[in-house]
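Listed below are the residues making up each chain.
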Amino acid sequence: MEAFVLGCGGMMPLPYRHLTSVLLRRDGDLFLFDCGEGTQVSLKRLNLKWKKIDAIFISHTHADHVTGLPGIMMLNSQVERTEPLYIYGPPKVAEYVESSRKVLDMYINYPVIVKEITAPCVVHEGDGFYIRAFPLQHTKTCVGYTLEELDRPGEFNPDKALSLGVQRGPLWGKLQKGESVVSESGAVVNPSDVMGEKRSGRKFSFVTDTMYLPSIANEVRGSNLLICEGMFDDSCADQAKEKKHMTSRQAATIARDSESLRMAMIHYSPRYTDKELPLLLEQAREVYPKAELTKDRMIFDIPYVD
């Protein structure tokens, strides 16, 4: 699993910083979280195929998080897409998609399925994983997302299987799929006899445009990678509270309290040049020493942790 930061800026695009958007690749699935202006540029530069995007998850309908969406929708009509494109988000997302299609007279030759989120819930599921939305608190309805994999089977012990009279072949596959088998001696061999303990899957979390809420840590608990807004430094704490955003220190507090393995900040205020961003990092690391800064087209590998 990999996360590609397509844009890390907030409010307005800058010559060196596109607006917030993150692409998550899991096996053959591609999921886009927010779709700010400039998303298409980073997709192209990273050689990522928008045709393969299965679903788009919008945090809220402020312009800096959705202005790239019409372009992505129109481009998909140029690459002979036949698979549905799912778009998830809070209320107003469906209206935004429909009005964009109408006003821009979009030619769409594939199914677009828009689902609005009205309560914390699982919004998307696939083979071995699910994506869940949970409430944030911003100046308009906003949600965060987690992709969480189901537990993986434990490791298969071939020596143990042989010692129990189960020879290499189809029976091994059945045991690894959770089925009991009969050995050469007629004894029943259960999966628990030859399989180790279940191993946890991976968890990716995406949190942006919210004031600090202690509840966020519970939602993203145990994330292998948490992408979290860290928009302001401490000197702007009052402004962050008024505009319902977070400081980098608050982002770090969520990472620490959630016991996330890795946290990278995103959605920086345009007041900070790239040379000034280390200030945000310094303050975050006072709380969570492993804090990182995202930058456009940065790639995060998300490996299994056994």
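Look up a bit, the structure's there.
Residues numbered from 1 in each chain as written. Predicted model: local features only at pLDDT ≥ 70, side-chain atom pairs only at ≥ 80, totals over all residues. Heavy atoms only, no water.

Caption draft 1: Inspection of the environment of Ala119 at higher detail. Position of Ala119 relative to the elements: it lies in the loop between strand 6 (112–116) and strand 7 (121–126). Accessibility expressed as a relative area gives 39% for Ala119, which makes it partly exposed. Sequence-wise, Ala119 and Leu213 are 94 residues apart; in three dimensions their C-alpha atoms are separated by 17 Å. (Helix = DSSP H or I, 4+ residues; strand = E, 2+ residues; numbered from the N terminus. Buried < 20%, exposed > 50% of the residue type's maximum accessible area, 1.4 Å probe, protein only.)

Caption draft 2: Spatial organisation of the pairing of strand 2 (residues 21–26). With five of six residues buried, strand 2 lies mostly within the body of the structure. Note that strand 2 and strand 3 (residues 29–33) share five bridges and pair antiparallel. Counted as the bridge partner of Leu24 is Phe31 from strand 3. The hairpin turn running from strand 2 into strand 3, its antiparallel successor, is two residues long, and Asp27 in that turn takes a positive phi close to 55°. (Pairing = 2+ DSSP bridges.)

Caption draft 3: Highlighting the sheet that holds strand 9 (residues 143–149). Spatially, 7-8-9-12-13-14-15 is the arrangement adopted by the seven strands of the open sheet, whose pairing is mixed. The open sheet has two free edges, formed respectively by strand 7 and strand 15 (292–293), since each of these has just one partner strand. Direction of pairing for strand 8 (residues 129–135) relative to strand 9: antiparallel, over a ladder of seven bridges. Residue pairing in the sheet places Arg132 in a bridge with Thr146 of strand 9.

Caption draft 4: How the structure looks around the side chain of Asp296. With respect to the secondary-structure elements, Asp296 resides in the loop between strand 15 and strand 16 (299–301). Notably, Asp296 is buried but unbridged: the nearest opposite-charge side chain belongs to Arg297, and the N-O separation is 4.3 Å. In contact with Asp296, not counting residues within four places along its chain, are Val5, Leu6, Gly7, Cys8, Tyr16, Arg17 and His18. (Lys, Arg positive; Asp, Glu negative; His and termini not counted. Salt bridge = Lys/Arg side-chain N within 4 Å of Asp/Glu carboxyl O. Contact = heavy atoms within 4.5 Å.)

Caption draft 5: Local environment of the packing of helix 10 (residues 248–257) against helix 11 (residues 278–285). Where helix 10 meets helix 11, the closest approach of the two axes is 8 Å, and the angle between their N-to-C directions is 40°. Comparing the axis directions of helix 10 and helix 11 gives the class oblique. Helix 11 is crossed by helix 10, and the crossing has right-handed handedness. For the pair helix 10 and helix 11, the contacting residues are Ser248, Arg249 and Ala252 in the first and Leu280, Gln283 and Ala284 in the second. (Axes fitted to C-alpha atoms, helices over the stretch in contact; angles between N-to-C directions. Parallel < 35°, antiparallel > 145°, perpendicular 65-115°, else oblique. Left-handed = near helix turned anticlockwise from the far one by under 90°.)

Caption draft 6: Summary view of the pattern of salt bridges. All told, the structure shown has 13 salt bridges when counted by the stated rule. Put simply, Asp274 and Arg17 hold a salt bridge, and the shortest N to O gap is 2.8 Å. Here Asp274, found in the loop between strand 14 (263–266) and helix 11, pairs with Arg17, found in the loop between strand 1 (2–7) and strand 2; they are 257 residues apart in sequence, far enough to count as distant. Residue classification places Asp274 among the partly exposed residues on the basis of a relative accessible area of 41%. Within this structure, Arg26, Asp27, Glu149 and Arg202 form a network of salt bridges that share partners.

Caption draft 7: Spatial organisation of unusual backbone geometry. Phi at Met11 takes a positive value of approximately 75°, unusual for a residue other than glycine. The topology assignment puts Met11 in the loop between strand 1 and strand 2.

Caption draft 8: Expanded view of the environment of Phe33. Mapped onto the elements, Phe33 comes out in strand 3. Once the C-alpha coordinates of Phe33 and Lys198 are considered, the two residues, 165 residues apart in sequence, prove to be 29 Å apart. Those residues in contact with Phe33, other than ones at most four positions away along the chain, are Ser21, Val22, Leu24, Phe57, Tyr145, Phe204 and Phe206.

The values reported here are purely geometric and, on their own, carry no functional implication.
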